[in-house]
Amino acid sequence: MEKRLMRVIDLRQKEVINEKDCRCLGCVADIEFEVETGCVCALIIPGQPKMCGIFGRDTEYVIPYRMVRQIGEDIILVCVEEEEVLVKCK
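Overview of the structure. (Residues numbered from 1 in each chain as written. Predicted model: local features only at pLDDT ≥ 70, side-chain atom pairs only at ≥ 80, totals over all residues. Heavy atoms only, no water.)

Taken in spatial order, the four strands line up as E2-E1-E7-E6 in an open sheet, and their pairing is mixed. For this open sheet the edge positions go to strand E2 (23-27) and strand E6 (68-71), each flanked by a neighbour on one side alone. Geometrically, the sheet is characterised by an average inter-axis angle of 25 degrees between neighbouring strands, direction not taken into account. Across four bridges, strand E1 (residues 15-18) lies against E2 in antiparallel orientation. Its bridge partner lying in E2, Asn18 is registered against Arg23. (Pairing = 2+ DSSP bridges. Helix = DSSP H or I, 4+ residues; strand = E, 2+ residues; numbered from the N terminus. Axes fitted to C-alpha atoms, helices over the stretch in contact; angles between N-to-C directions.)

Quick look at the structure:
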């Protein structure tokens, strides 16, 4: 079986779709990973922008990698309850 590799920049170009409601959550902005093992722990997707997008963002989606169902050519399919993965930005 051939190992498939992907770069972070490739993830950033894919839309994240929640299969629970078929809604687009946005595109991957960052990842969390374990320093010791290098394993990806979560995908970070920015939340909705504040007033007209000029004041940044209040929230972001932190989606545990175990919630990723499939990574395709154009999208990443996840299965999450949005309330559980939406967190306040620090």
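Moving on, we get to unusual backbone geometry. Negative phi characterises most residues that are not glycine, and trans characterises most peptide bonds. Phi at Cys22 takes a positive value of approximately 60 degrees, unusual for a residue other than glycine. Counting through the fold element by element, Cys22 comes out in the loop between E1 and E2.

A grouping of Phe33, Val35, Val40 and Tyr65 is seen on the molecular surface, where their side chains present a nonpolar patch of about 390 Å² in accessible area. With relative accessibility at 69%, the residue Val35 sits in the exposed group. (Patch = residues over 30% accessible without salt bridge, like charges linked within 9 Å, V, L, I, M, F, W, Y side chains within 5 Å. Areas by Shrake-Rupley, 256 points an atom, 1.4 Å probe, with all protein chains shown as cover. Salt bridge = Lys/Arg side-chain N within 4 Å of Asp/Glu carboxyl O. Buried < 20%, exposed > 50% of the residue type's maximum accessible area, 1.4 Å probe, protein only.)

We now examine the sheet that holds strand E5 (residues 59-64). Hydrogen bonds along the backbone pair up the strands of a sheet, which may run parallel or antiparallel. What the four strands build is an open sheet, ordered E3-E4-E5-E8; its pairing is antiparallel. Two strands bound the open sheet, and with one partner strand each, they are strand E3 (30-33) and strand E8 (86-88). With direction set aside, neighbouring strand axes in the sheet form an average angle of 35 degrees. Across five bridges, strand E4 (residues 40-46) lies against E5 in antiparallel orientation. What sits directly across from Leu43, in E5, is Ile63.

Taken as a whole, the largest pocket spans an internal volume of roughly 270 Å³. Of the residues contributing to the lining of the largest pocket, the split by class is eight nonpolar, no polar and two charged. (1 Å grid on protein atoms, 1.4 Å probe; cavity = no way out; pocket = protein on both sides within 12 Å on 5 of 7 lines; lining within 4 Å. Points joined across faces, edges and corners; volume = space filled by probe spheres on them. Nonpolar A, V, L, I, M, F, W, Y, C, P; charged D, E, K, R; others polar.)

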